[in-house]
Amino acid sequence: MGHAFKRSVLVLFLLPFCICAPAFGAAGAHVFYPETVSLGQPFMIEIVSDEEPSGAIVTWFGKSAPMQFSRAGNGYFARLLLGSYMKTIKPGTYPLDIKMARSERIVRKRVMITIAPKQYAEDRLSLPEAMVTPPKKMQKRILQEQRMMKHIRETVSPFGFWKLPIRRPVSSAVSSTYGRRRILNGIPKSPHAGIDFRAAMGTPVIAALTGRVVATKDLYYSGLTVCVDSGQGILSYYYHLSEFNVREGQLVEQGSVLAKSGMSGRSTGPHLHFGFSLLGQYVDADSLFEANPSDMLKNTKMVPIDD
Ligand SMILES: [Zn+2]
């Protein structure tokens, strides 16, 4: 009996800290962040404040995103998804900088996040030489398109249209995962920057997140391509399509039909390539199909922002 009593007292004591995910109660402003993340995998940070901040900006790998605060209970909270592109970022410890306007003053905080290595699979493929090495006359077009896509990927719109979980763009199985290192005809190529889904020609492709269509283009590698900007540096990409159902500039709801799948561009067969980037970093979106904020914020560290 004595044990049961102690446990119930403990539960009562812990309840106020468990029930509400954003965890308020502490005075001032705090950031919740994971101390260690895996290379290529998305993660979430949260800022909570007892009074409404005038604004906050988070900087990660030289790119900044504005935080969007919502009211909850007696406080305010804002969340952001971040990640690291396994092709360009090396495992290591990196700074995350927070700048916040609160109580009529600017407060700053730097926390360190360790990106742990993660092994990704390797694919050895044999393709006709013409598909591996593009013809010389295409070089200029390819470079222009790469520049354009980099520009799109680095867009940071002030709105935040995203929510978790994200939707699967098609319901079929995954045929190639993010991060697979590709060795084409014996030559190492860029790792896979997205997820391939099996998709018969003409399968409706739906928006993983609400956002604005920022590109409907016909590109050399990715063929008919749709890019959707969900704000705060979150963009999604749909490649090798056969038909567009949306126009550039259009706002699309999560789950609405963007296009029909196909095999346009450099594709060996019909499938959908789905890409996802956070502040310019292509990440593995796979975990986000099942994700919710409280799970993503589990095991995060809380530190005051204005200490
Ligand atoms: Zn792909």
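Note that this is a predicted model, so its numbers are computed, not measured.

### Regarding the coordination of the zinc ion
Surrounding the zinc ion are the protein donor atoms His192 (NE2), Asp196 (OD) and His273 (ND1), at 2.0 to 2.1 Å. Sequence spacing of the donor residues for the zinc ion, all on one chain, is H-x3-D-x76-H. With a gap of 77 residues between them, Asp196 in strand β14 (residues 194–198) and His273 in strand β21 (residues 271–278) connect regions that are remote in the sequence.

### Thoughts on the packing of aromatic side chains
Counted by the stated rule, this structure contains 12 aromatic pairs. With 5.5 Å between their ring centres and 65° between their planes, Tyr237 and Tyr282 make a pair best called edge-to-face. With Tyr237 in strand β18 (residues 234–244) and Tyr282 in strand β22 (residues 281–282), the pair connects residues that are 45 residues apart, well separated along the chain. A relative accessible area of 0% means that Tyr237 is categorised as buried.

### Some details on the nonpolar core
Core analysis: the biggest nonpolar cluster contains 78 residues, and Ile166, Tyr238 and Phe276 have the highest contact counts within it. Looking at this core, the element that brings in the most residues is β18, giving 6 residues. Two domains each provide a minimum of three residues to this core, namely domain 1 (20–118 + 296–304) and domain 2 (122–289). Apart from the residues lying within four places of it in its own chain, the contact partners of Phe276 are Ile166, Leu209, Ile234, Leu235, Ser236, Tyr237, Gln281, Tyr282, Val283, Ala285 and Leu288.

### Concerning unusual backbone geometry
Across the chain, the bulk of peptide bonds are trans and the bulk of non-glycine residues have phi less than zero. Put simply, Leu164 and Pro165 share a cis peptide bond, and its omega is -5°. Positive phi outside glycine occurs at Glu104, with the angle close to 55°. Secondary-structure assignment places Glu104 in the loop between β8 (92–102) and β9 (105–116). A positive phi angle, close to 60°, is found at Asn299, a residue other than glycine.

### Topic: the domain arrangement of the protein
Segmentation of the protein into domains returns domain 1 (20–118 + 296–304) and domain 2 (122–289). Placing the centre of domain 1 and that of domain 2 at their C-alpha centroids yields a distance of 27 Å. With 24 residues of domain 1 at the interface, the matching set in domain 2 holds 23 residues. Both sides of the domain 1 and domain 2 interface together cover about 2000 Å² of buried area, and 66% of this is carbon and sulfur.

### Thoughts on the sheet that holds strand β12 (residues 181–184)
Strands sit in the order β10-β12-β13 across an open sheet of 3 strands; the sheet is mixed. The open sheet has two edge strands, β10 (122–125) and β13 (187–188), and neither has a second partner. The pairing of β12 with β13 spans 2 bridges and is classified as antiparallel. What sits directly across from Leu184, in β13, is Ile187.

### With respect to the pattern of salt bridges
All chains considered together, the criterion is met by 15 salt bridges. The shortest N-O distance in the salt bridge between Glu46 and Arg79 comes to 2.8 Å. With Glu46 in strand β3 (residues 43–49) and Arg79 in strand β7 (residues 75–82), this residue pair connects regions lying 33 residues apart in the sequence. Here Glu46 and Arg79 have matching classes, each one buried. A salt bridge links Asp97 to Arg110; its shortest N-O distance comes to 2.8 Å. Of the two residues, Asp97 sits in strand β8 while Arg110 sits in strand β9, which places them 13 residues apart along the sequence.

The rules we used
Residues numbered from 1 in each chain as written. Predicted model: local features only at pLDDT ≥ 70, side-chain atom pairs only at ≥ 80, totals over all residues. Heavy atoms only, no water. Donors = N, O, S within 2.8 Å, 3.2 Å for Na, K, Ca; no water. Helix = DSSP H or I, 4+ residues; strand = E, 2+ residues; numbered from the N terminus. Phe/Tyr/Trp six-rings, centres within 6.5 Å; stacked < 30°, edge-to-face > 60°. Buried < 20%, exposed > 50% of the residue type's maximum accessible area, 1.4 Å probe, protein only. Core = buried A, V, L, I, M, F, W, Y, C linked by side-chain atoms within 4.5 Å. Domains from an automatic or database assignment. Contact = heavy atoms within 4.5 Å. Buried area = accessible area lost by both parts, 1.4 Å probe. Pairing = 2+ DSSP bridges. Salt bridge = Lys/Arg side-chain N within 4 Å of Asp/Glu carboxyl O.

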